[in-house]
Amino acid sequence: MSSLQTLDIAARSATTTPSPHARGRPQVKEVAKLIDVSTCIGCKACQVACMQWNDLRDEIGDVGGSYNNPNDLTPDSWTVMRFAEVEPEPGKLEWLIRKDGCMHCEDPGCLKACPAPGAIVKYSNGIVDFISEHCVGCGNCVTGCPFDVPRISKTDNKAYKCSLCSDRVGVGLEPACVKACPTGAIHFGTKDAMHEYASERIVDLKDRGFANAGVYDPAGVGGTHVMYVLQHADRPGLYSNLPTNPKISPLVSLWKGVAKPLAVFAMVGAVVGSFFHYMKVGPIEAKEDNGTDEHDDGDIVVIEAPPEHGVVVAPLDAPPDGRPRA
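Residues numbered from 1 in each chain as written. Predicted model: local features only at pLDDT ≥ 70, side-chain atom pairs only at ≥ 80, totals over all residues. Heavy atoms only, no water.

Now for the packing of aromatic side chains. Within this structure, the stated rule accounts for five aromatic pairs. Here the aromatic rings of Phe83 and Trp95 are separated by 5.9 Å at their centres, their planes lie at 35°, and the arrangement is tilted. Here Trp95 lies in strand E4 (residues 92–100) and Phe83 lies in strand E3 (residues 80–89), a separation of twelve residues in the sequence. With a centroid separation of 6.2 Å and 55° between ring planes, the pair formed by Tyr216 and Tyr228 is classed as tilted. Taken together, the residues Tyr216 in strand E10 (residues 214–216) and Tyr228 in strand E11 (residues 226–230) connect sequence positions twelve residues apart. Through a chain of ring-to-ring contacts, three or more aromatic side chains come together here, namely Tyr67, Phe83 and Trp95. (Phe/Tyr/Trp six-rings, centres within 6.5 Å; stacked < 30°, edge-to-face > 60°. Helix = DSSP H or I, 4+ residues; strand = E, 2+ residues; numbered from the N terminus.)

Spelled out as structure tokens, the structure:
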């Protein structure tokens, strides 16, 4: 998580006012992280670097008979390696390894779904970051994310995910995972430069027999600032269920799109209706209590008061006739 002083903010959650651009700096180029799956060896150096830089310490869990450790993203594991043994063609076994984490969508569903002002921000360079002190722990970001990335901590009830090391990027450094990768499978730079490099890698992969090699930059979320070079780009599901065409949930669009103005209209209508009702009927006046109860048919029923004198209250241990026991 970065300081709000390091990067210009392009969008904020639950905020309709435009973001400030006080410094008047020149337009910032969009950045991207490119992960070349074909050269990844699954060493998990990126996992270690992520935890070290962000001071994370996850619990030791059960690997469940796989190389995945941990098995899934957690509030203390913002990036995980996912191993998949697949058979894309009959008789051809392949070992596909994918680094999983936040994709930093150009149109982030988590930011759209978040109801807390300023809890999720998108910087002008494309990085999507969580600001924990503004998070209310509602979990709407989990619903809005088409990649199922954010995780809610049971310790402080806050949402956490990969920040793409926005604090490092803000001072001109590359993300920690890029710095630690021993095979150069992770690259970082402007998005245009990453697409150029991906094109070179795709040509090489096609020469090696991967006819469907390509770059994963899904248009359903406006593109992402974390991209993959895949040997089988036509079937991203082979890579541990990477979504083929991710899109923001229709519920988020309905809630923040159609339902929101309708709710505002209903609130305005209720206020206007209450005003005219007050002007026509006036305030509700309390009726005086005269000790009588008047029915709808006009009859008056007199409510008799209990007798004040001559009532003998027998003690609890006295017989029914009121005489003392022998």
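Anyway, onward from the coordinates.
Right, let's get into the sheet that holds strand E5 (residues 120–123). Adjacent strands of a sheet form backbone hydrogen bonds with each other and so pair up, either parallel or antiparallel. With antiparallel pairing, three strands are arranged side by side in an open sheet as E1-E5-E6. The sheet is open, and its two edges are formed by strand E1 (9–12) and strand E6 (128–130), each paired on a single side. Going across the sheet, the axis of each strand differs from the next one's by a mean of 30°, ignoring polarity. Across three bridges, E1 lies against E5 in antiparallel orientation. Paired with Ile9 across the strands is Tyr123, a residue of E5. (Pairing = 2+ DSSP bridges. Axes fitted to C-alpha atoms, helices over the stretch in contact; angles between N-to-C directions.)

Relative to the elements of secondary structure, Arg168 occurs in helix H4 (residues 166–169). A C-alpha to C-alpha distance of 9.7 Å links Arg168 and Trp53, two positions 115 residues apart in sequence. With sequence-adjacent residues up to four places away left out, Arg168 is seen in contact with Trp53, Leu173, Glu174, Pro175, Ala176 and Lys179. (Contact = heavy atoms within 4.5 Å.)

Taken as a whole, the largest pocket encloses approximately 350 Å³ of empty space. Contributing to the lining of the largest pocket are 16 residues, with Pro75, Asp76, Ser153, Lys154 and Thr155 lying nearest its centre. (1 Å grid on protein atoms, 1.4 Å probe; cavity = no way out; pocket = protein on both sides within 12 Å on 5 of 7 lines; lining within 4 Å. Points joined across faces, edges and corners; volume = space filled by probe spheres on them.)

Here we come to the nonpolar core. With 46 residues, the main nonpolar core has Tyr123, Phe147, Ile186, Tyr216, Tyr228, Leu230 and Tyr239 as its most contacted residues. For Ile186, the contacting residues outside a window of four places in its chain are Lys33, Leu34, Ile35, Cys46, Lys99, Cys177, Val178 and Cys181. In this structure, Cys110, Ile120, Cys135 and Ala159 belong to the second largest nonpolar core, which totals eleven residues. (Core = buried A, V, L, I, M, F, W, Y, C linked by side-chain atoms within 4.5 Å. Buried < 20%, exposed > 50% of the residue type's maximum accessible area, 1.4 Å probe, protein only.)

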